[in-house]
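# Structural characterization, general
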Number of protein chains: 2
Amino acid sequence: MTTKALLEQIKSKKSFLCIGLDVDLNKVPKHLLEDEDPIFAFNKAIIDATHHLCVAYKPNTAFYEAYGIMGWKALEKTISYLNERYPEIFTIADAKRGDIGNTSTMYAKAFFDDLGFDSVTVAPYMGKDSVEPFLAFKDKHTILLALTSNQGAFDFQTKAIDGLELYKQVLETSKSWENSENLMYVVGATKAEYLAEIRKIIPDAFLLVPGVGAQGGNLQEVCEHGMNSNVGLLINSSRGIIYASKNTDFAEASAQKAFELQSQMATILQEI
Amino acid sequence: MTTKALLEQIKSKKSFLCIGLDVDLNKVPKHLLEDEDPIFAFNKAIIDATHHLCVAYKPNTAFYEAYGIMGWKALEKTISYLNERYPEIFTIADAKRGDIGNTSTMYAKAFFDDLGFDSVTVAPYMGKDSVEPFLAFKDKHTILLALTSNQGAFDFQTKAIDGLELYKQVLETSKSWENSENLMYVVGATKAEYLAEIRKIIPDAFLLVPGVGAQGGNLQEVCEHGMNSNVGLLINSSRGIIYASKNTDFAEASAQKAFELQSQMATILQEI
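Residues numbered from 1 in each chain as written. Chains lettered and ligands numbered in written order. Predicted model: local features only at pLDDT ≥ 70, side-chain atom pairs only at ≥ 80, totals over all residues. Heavy atoms only, no water.

With an unreviewed UniProt entry as reference, chain A is termed Orotidine 5'-phosphate decarboxylase, source organism Winogradskyella alexanderae. Its UniProt record gives chain A the following Catalytic activity (unreviewed entry) comment, quoted word for word: "orotidine 5'-phosphate + H(+) = UMP + CO2". Note on chain A: under the UniProt heading Sequence similarities (unreviewed entry), the record states "Belongs to the OMP decarboxylase family. Type 2 subfamily." (UniProt positions renumbered as here; feature names shortened; annotations may be inferred.)

Structure, rendered in structure tokens:
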């Protein structure tokens, strides 16, 4: 998917919401556990109830790997369902991969070609030749970890290298990589005050912003500092939406939570 | 597995060789493609032919994910086969994972509990709370990326933060993490000259050293700078061993290549 198509979807839905499909079978409604594929059944219900309110879905692969083959089947079914039923939706494999060149190519093929995701999150630690294999895929997007939403972000990411923090070095350096127009970046909502600085380095790129809601980030603040003239933001919420209810009304409850965020987004979009 | 058990295995086999099981179906002997599970058939033949010459096997998960469900089944079968048939062998899931706390816990459970690996490689970019969930598993090992074997290592890892290179910051900082005795580190053989410096920071930890052979690293040089009184090294070779032949003699050919490396290791071990 092109960023142009993503932007058109944002405008038509008045939403830049991404819903994180982080399925934990200990947290889904009990009646779903009788289903042949409870993970997919949960995802399908959430997707059918919320697809008009969001522009992206982001399964975190850890939650699927934790269930072995059953988890991978559910991931495959989920992405296939999205691509067939709601092809306008932007899909993100939150996998945080990254390896030496030929191995990164294997990961890129797995997520882009085989599974059919529009994008994948990638860790920057191994540098240029670990990321460029992902960037080589046309109309696919590589979402590079820059400044993450967790406390551990302060261990290395915010430490200064020659006067410039590591996450800024990552932003600055990555701009010179081949096909860097296919880059987006992860910036945690819990660090909204950093967004103005980040926008000076990458004014145009889309940012995937986790941490609104459960992790304490504030939507209004993120938009104030991080939005650009093409919106440039995908705001992710996972637990706050998908676990809104543990009862048979879970899908409706998730739609209600998504609607609350989408409504705030519609108001913000009117103002720009 | 405890590091004590690993060391005993090293002494008894006179080897600190790790074999990387990075199966690419374009590179395996043609006759295997007729097998119901060609990836596992290849791994089983390599393992049966080389298990007495090495102390560890390291499947890189990218190569399995690239084949979807079929790949994951083959990975499960491979680790189960190793644990049942050769329980003395140290197993490494080369997955380079790392995520926010609760998500890292999902990955740790997947690799340690469900699949039954002894260790997993983890990326440090997200800091302490992304790594400690892995460290919490008793007698399991977290192999942290420090200085990788690729060219991209020079993009960020060797850049100085307050006078100390990022990879040294990672080494130094990680020592203070809870259960840090469960840490090992990835240090590429292509950067052997850095090993003396690394040993000043982490004299006791085991190092997993990829890049000997195909990537150009030198065994003698790595041992000279990186070995400690408990050996402290696992030297990985992947392509140089497993693709020694494309014919029906591939397993014997891989054993020959492994034997060449093991013989050099036996000589080196005699000298310490």
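So, about the pattern of salt bridges. All chains considered together, the criterion is met by 27 salt bridges over all chains. In this structure, the salt-bridge partner of Lys77(A) is Asp37(A), at a minimum N-O distance of 3.3 Å. Within this pair, whereas Lys77(A) is found in helix H4 (residues 68-85), its partner Asp37(A) is found in the loop between strand E1 (17-20) and helix H2 (38-50), the two being separated by 40 residues in sequence. The class for Lys77(A) is partly exposed, based on a relative accessible area of 38%. Where Lys168(A) meets Glu165(A), a salt bridge forms, and the shortest distance between an N and an O atom there is 3.5 Å. Salt bridges sharing common partners tie together Lys58(A), Asp94(A), Lys96(A) and Asp99(B). (Salt bridge = Lys/Arg side-chain N within 4 Å of Asp/Glu carboxyl O. Helix = DSSP H or I, 4+ residues; strand = E, 2+ residues; numbered from the N terminus. Buried < 20%, exposed > 50% of the residue type's maximum accessible area, 1.4 Å probe, protein only.)

All names here are of chain A. As summarised here, the arrangement of the eight strands in space is E1-E2-E3-E4-E5-E8-E9-E10, forming a closed barrel in which the pairing is parallel. Direction aside, neighbouring strands of the sheet carry axes that sit 30 degrees apart on average. Across two bridges, strand E8 (residues 183-187) lies against strand E9 (residues 207-209) in parallel orientation. Bridge pairing links tyrosine 185 to leucine 207 in E9. (Pairing = 2+ DSSP bridges. Axes fitted to C-alpha atoms, helices over the stretch in contact; angles between N-to-C directions.)

Further remarks concern the interface of chain B and chain A. The interface of chain B with chain A comprises 55 residues on the first partner and 55 residues on the second. Interface area for chain B against chain A, summed over the two sides, is near 4,700 Å², with a carbon-plus-sulfur share of 62%. Contact with chain A buries area across many residues of chain B, yet Met106(B), Tyr125(B) and Phe156(B) alone supply 20% of it, more than any other trio. Joining chain B to chain A, the criterion identifies four salt bridges. A salt bridge links Asp99(B) to Lys96(A); its shortest N-O distance comes to 2.9 Å. Joining chain B to chain A, the criterion identifies 26 residue pairs in polar contact (both at pLDDT 80 or more). The greatest single-element share of the side of chain B that touches chain A, amounting to seven residues, is contributed by helix H5 (residues 101-114) of chain B. Of the residues assigned to the side of chain B that touches chain A, the class counts are 24 nonpolar, 17 polar and 14 charged. (Contact = heavy atoms within 4.5 Å. Buried area = accessible area lost by both parts, 1.4 Å probe. Polar contact = N/O pair within 3.5 Å; in protein donor to acceptor, adjacent residues only side chain to side chain. Nonpolar A, V, L, I, M, F, W, Y, C, P; charged D, E, K, R; others polar.)

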